[in-house]
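Here's the letter readout for the chains.
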Amino acid sequence: MGMKRGNYRVLSEPAVIGPTKVSPVRAALAAVVALAALAGLLAPVTSAAPSLRSWPAPGELAWTPIGPGVHYAVASVAADGWLQHIQVVRVERDNPFVSLAATLGRGQVEGTETVLAQARQLTAAGLAGAATARTEATRAATSGTAVSGSPLSDLLSRLSKGGTEASPVRTVVAGVNADFFASAPTAGLPVGLHVQAGEIVTSPNGRPAFALLADGRVVIGVPELSGAVWREEAAEALAGGQLSSLEEMPARAAITQVNRPLNGLGLVLYTPRFGPETPPLTGTVVTVRGVPGPLVGGRTYTGVVAKVQAAAGTPGLRVPIPADGVVLAGRGPEEVLLEDLRVGEWVQFRVDLAPPFDQAVEAVAGWPVLIENGSPRPLPGGDSLVTGRHPRTAVGFNDQYLYLVTVDGRQPGWSDGMTLAELTELLLALGATQALNLDGGGSTTLVVRPPGEAELVVANRPSDGYERVVANALFVVSTAPPGPLATLHIRPAAPAALAGSALPLKLLGQDRYNNPVAVAAADAEWTVRGEAEVRLDSAAGVHAALLLVREPGEVVVTARVGGVEAEVVVDVVHAVHRIDLAPDMMHLAAGERSAFSVRAYDEAGRPVWVEPRQLTWTAAADGAAGDESPPVVLVDEGGGVAGLRGGTATVSARLGAVAGNALVTVDREPVVLSDFEAPGLWYANAVRAQAAFDLVEAPEPVYEGQRAGRLVYDLSVSGGGTAAAYVQAATPIPIPDRPRAIGVWVYGDASGHWLRAHYIDGNGQRQVLDLTRVGGLDWTGWRFVQAEIPADAVLPLAFERVYVVEMHRERQSRGVLYFDNLVAIYGQP
């Protein structure tokens, strides 16, 4: 995509949110969400807008460069009583060093992954590709095999001229979540078209899509697919002139979909990109081998029939998809050809996308179209997706720029979320003449590469409090070669600091294409105007320095490396307006230690750097009967806290008349009932299902230690009725004393089933625990789940089993779950 550059700065501070992996003890007692501000970026500027149409125009935003021709801006807008926190990535369409890339969770249709994880994998692949290119360039340089005019010869030419720029790499500079997706029966299936590097991964499904075309244009429209499979002799008849077109072939069947479940009548083509095997199929299924991938529109493929199978009834047949082939599954009229095929016979097939999507290099789908030819499109009414206030993600463009836009939501005091009408108004204000809504809600995610940084960060605040896994994503990719230092950035930990504190400063560099360039704080010449001085902080790394601020006022800090200079202004204050402690609720075991971090703000909501040692810390036990009660926690002058005994305490951090409070609960340490390390203690059991259990080691998922338990289950063989697969203790495991809850780490498979557990009470009766809601097994990856034990449960207790269950016949499927660290939890919630 031929995607101009200018001097911009960021308007406000993006927040970095992600799940923090902690010990099973801490995770069992509290959900920990990391909120870390990008150092040195300003706090959101709020404009009091008189109407919903007062969205920021491009000229009203302050932009910061994050890639070649790529800029990022943030704004908070108050409109008619609603607060909206908006993030925008703007991409210059005519810049030769920027393109777009679509990705899939875990690299296949059947899978989900966070946007950040997909971005990191894409960047890693780009770096690996660059290394290969450099190796080829070196080999070609010594053998003289480079072809004139090729990218390789261009690289060799630069090297021979002593150029300082190295081989270009593909690095992600920004990206968003993309299409809506299904959770079952194919977890991670995009609703609409997905094209990746020219490969047709999923066929369109009547939904509009956004695409980058081979000539650099971008389009939004409703794509259509056509395709066919035929016997090789029919192709010979066509070539010999006996037939005038494929439509005249008698031995021909129409391909209706690619990599989608076979619902109703039709013929679906499954490629290795779907996953290792097809979804459950009925009808006729043909495995074809010897087919070179990937699947590209307009190309005819030839392969040999390796297997023909008839699949009748339920739950359907799952068929392995060969790495060197495809699977064809048909039902109805298109089944006639498949039934007649014989093993060893050669067949041909092709699929096509109607123009302009026949030229699509990358494509993702969404719904609905918001803007067409500069005018807002009518929006469907009566749909809460359209009229409700939700987090939003959208892509839009005009002749000059492409825009990726996210709006946070469902977070009162931070951002309420937008209706689709308001999102349309925002995109029009930015200048978009075409725009498409993408998946929103908890899926809304924006990642960016901050100036001078090599690592991507989550730049918005996902409404779940952590980054949700999604099916696919759309990224802005830089192919600019790295070069020498061109610009410097001084990034303070906050734009203001309390007098007497030591404010961390990060020194970062960029080349002329906004690629990061490593610079050392020790190599810079630092000057300060104001009551402060800069000291190098060797403990914080080569990019860091400390600004020791003394008296209230304005401090100007300058850093120079060679002929490159940067300047930043820091306001030094004597008081703050608000103090927040993070976390605001902490759970400790007796004897466990942790620490609070401090966030302070001025009256305008701007972050102020305050060191914990500058605050007065106290702790008071809740409900304490006089001063003689032993303390629940001890807190030191740096915000460190230690749990002493069971109970609840309020920890306060005070500066003058302003205080921040946090609640600390001290429990008895959780007891590990099973760490799934020793063999022979667990086995599989099933009702109207098949199940197998074993202990596995890395590289399979293991949360802690050397092993985890793996349950492989198939609920689809039930034939009707509730199906369940159990991980059963060989002997019920005694549970000491009276626990508050039972919890376990589970590596989910996003099956949408129900996860439950059983324990035996003191009367010998089996009791049920719900570890998720019905259909709540909706995640992929490790997650701690727990269930409360009734306070009047008859003691003693023993844990019996954990199991996956599905009542609805149409949702019963196969899957794999992993378990680790089963614990009993005590004390107060």
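Examining the pairing of strand 38 (residues 544–549)
Examined bridge by bridge, strand 34 (residues 502–510) and strand 38 share five bridges and lie antiparallel to one another. Bridge pairing links L503 to L547 in strand 38. In this sheet, strand 38 lies alongside strand 37 (residues 532–536) in antiparallel orientation, the contact comprising five bridges. Bridging from a neighbouring strand, V534 pairs with L547 of strand 38.

Topic: the packing of aromatic side chains
Taken as a whole and assessed by the stated rule, the structure comprises 14 aromatic pairs. Ring geometry for Y270 against F274: centres 5.5 Å apart, planes inclined by 80 degrees, an arrangement best described as edge-to-face. Owing to a relative accessible area of 0%, Y270 belongs among the buried residues under this scheme. We classify F274 as buried; its relative accessible area is 0%. Aromatic pair W682 and F799: ring centres 6.4 Å apart, planes at 65 degrees, arrangement edge-to-face. Pair noted here: W682 is in strand 52 (residues 682–687) and F799 is in strand 60 (residues 797–806), with a separation of 117 residues, a long-range link. Taken as a pair, W682 and F799 share a single burial class, namely buried. Chaining the aromatic ring pairs together yields one cluster made of Y703, W745, Y747, W782, F784 and Y818. Here the guanidinium or amino end of R90 rests over the ring plane of Y401, the centre of that ring lying 4.4 Å away. Across the ring face of W414, the terminal group of R461 is positioned such that the distance to the ring centre comes to 3.5 Å.

Some details on the sheet that holds strand 36 (residues 525–529)
Reading across the sheet, the seven strands line up as 36-39-40-33-45-44-41 and stay open at both edges, with mixed pairing between neighbours. On the outer flanks of this sheet lie strand 36 and strand 41 (578–582), each paired with one strand and no other. Between one strand axis and the next, the sheet turns by 35 degrees as a mean value, whatever way the strands run. The pairing of strand 33 (residues 496–498) with strand 45 (residues 607–609) spans two bridges and is parallel. Following the sheet pairing, A496 is matched in strand 45 by V608.

Comments concerning the environment of V304
Structurally, V304 can be placed in strand 20 (residues 301–311). Every residue in contact with V304, bar those within four places of it in the chain, is listed here: T287, V288, R289, G344, E345 and W346.

Points about helix 7 (residues 420–430)
Judged by how many residues are buried, helix 7 sits mostly within the fold: eight of 11 residues are covered. For helix 7, the set of buried residues is L420, E422, L423, T424, E425, L426, L427 and L430. Where helix 7 terminates, the next one or two residues include G431, which has phi positive at roughly 110 degrees.

Details of the confidence of the model for the chain
Considering every residue of the chain, the mean pLDDT works out to 86; 85% of them sit at 70 or more. Taken together, the stretch residues 2–52 has pLDDT below 50 and engages in 165 contacts with residues farther than four places along the chain or on a different chain. Scored below 50 in pLDDT, residues 144–167 makes 35 contacts in the model with residues more than four places away or belonging to other chains.

The rules behind each value
- Residues numbered from 1 in each chain as written.
- Predicted model: local features only at pLDDT ≥ 70, side-chain atom pairs only at ≥ 80, totals over all residues.
- Heavy atoms only, no water.
- Pairing = 2+ DSSP bridges.
- Helix = DSSP H or I, 4+ residues; strand = E, 2+ residues; numbered from the N terminus.
- Phe/Tyr/Trp six-rings, centres within 6.5 Å; stacked < 30°, edge-to-face > 60°.
- Buried < 20%, exposed > 50% of the residue type's maximum accessible area, 1.4 Å probe, protein only.
- Lys NZ or Arg CZ within 6 Å of the ring centre and 35° of its normal.
- Axes fitted to C-alpha atoms, helices over the stretch in contact; angles between N-to-C directions.
- Contact = heavy atoms within 4.5 Å.
- pLDDT = per-residue confidence, 0-100.

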